[in-house]
Amino acid sequence: MTSSQDDLIEKVFTNISQKFENHQWLSERAILAATNSDVNDMNFTIQKRIPGDNSEHVLLPRIPMIPTDMPFDFKRLQFPVRLAFAMTINKAQGQSLQVTWTAALIPQPARDSIFM
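What comes next concerns the included structure. (Residues numbered from 1 in each chain as written. Predicted model: local features only at pLDDT ≥ 70, side-chain atom pairs only at ≥ 80, totals over all residues. Heavy atoms only, no water.)

1. As for the packing of helix H1 (residues 5–12) against helix H4 (residues 36–48)
Viewed as axis vectors pointing N to C, H1 and H4 meet at an angle of 65°, and their least axial separation amounts to 11 Å. Taken together, H1 and H4 sit at an angle that is classed as roughly perpendicular. Two packed elements cross with a definite hand, and for H1 against H4 that hand is right-handed. Contact residues: H1 offers Gln5, Asp6, Leu8 and Ile9, while H4 offers Asp41, Met42, Thr45 and Ile46. Within the contact of H1 with H4, the residues separate by chemical class into four nonpolar, two polar and two charged. (Axes fitted to C-alpha atoms, helices over the stretch in contact; angles between N-to-C directions. Helix = DSSP H or I, 4+ residues; strand = E, 2+ residues; numbered from the N terminus. Parallel < 35°, antiparallel > 145°, perpendicular 65-115°, else oblique. Left-handed = near helix turned anticlockwise from the far one by under 90°. Contact = heavy atoms within 4.5 Å. Nonpolar A, V, L, I, M, F, W, Y, C, P; charged D, E, K, R; others polar.)

Set out below in structure tokens:
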């Protein structure tokens, strides 16, 4: 267990400011949280630790997807990408990760946060 969100981030992403370009290292670890708001908070906090201009825009090609199992034809051009150092527990199902910690965030009246 850790006592704060910062301690949790440091345990999972030790020295991320030096290792952020190592894609293999990044792909082996994640923080799991119960809600999207907790995930967003953690992702934002971790992203601030990466040096450089974090507001760089990258163009990604949208891939046309045409389902064949529908009774009508349509084309979908959506390609959602989201920065994910942390993800919800549901989205983590089926992932193979070397380093994983779960953030159990308790509502404010009970306690600020508990990290496992």
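Continuing now.
2. A closer look at the packing of aromatic side chains
Counting across every chain of the model gives two aromatic pairs. For the ring pair phenylalanine 13 and phenylalanine 85, a centre distance of 5.5 Å and an interplane angle of 85° mean the geometry is edge-to-face. Taken together, the residues phenylalanine 13 in the loop between H1 and helix H2 (16–19) and phenylalanine 85 in the loop between H4 and strand S2 (86–88) connect sequence positions 72 residues apart. What makes phenylalanine 85 buried here is its relative accessible area of 6%. Aromatic rings pair up to connect Phe13, Trp25 and Phe85 into one cluster. (Phe/Tyr/Trp six-rings, centres within 6.5 Å; stacked < 30°, edge-to-face > 60°. Buried < 20%, exposed > 50% of the residue type's maximum accessible area, 1.4 Å probe, protein only.)

3. Notes on unusual backbone geometry
Phi angles above zero are rare outside glycine, and asparagine 15 is one such case at about 55°. Within the secondary structure, asparagine 15 is located in the loop between H1 and H2. Looking at asparagine 15, the relative accessible area reads 39%, which means it is partly exposed.

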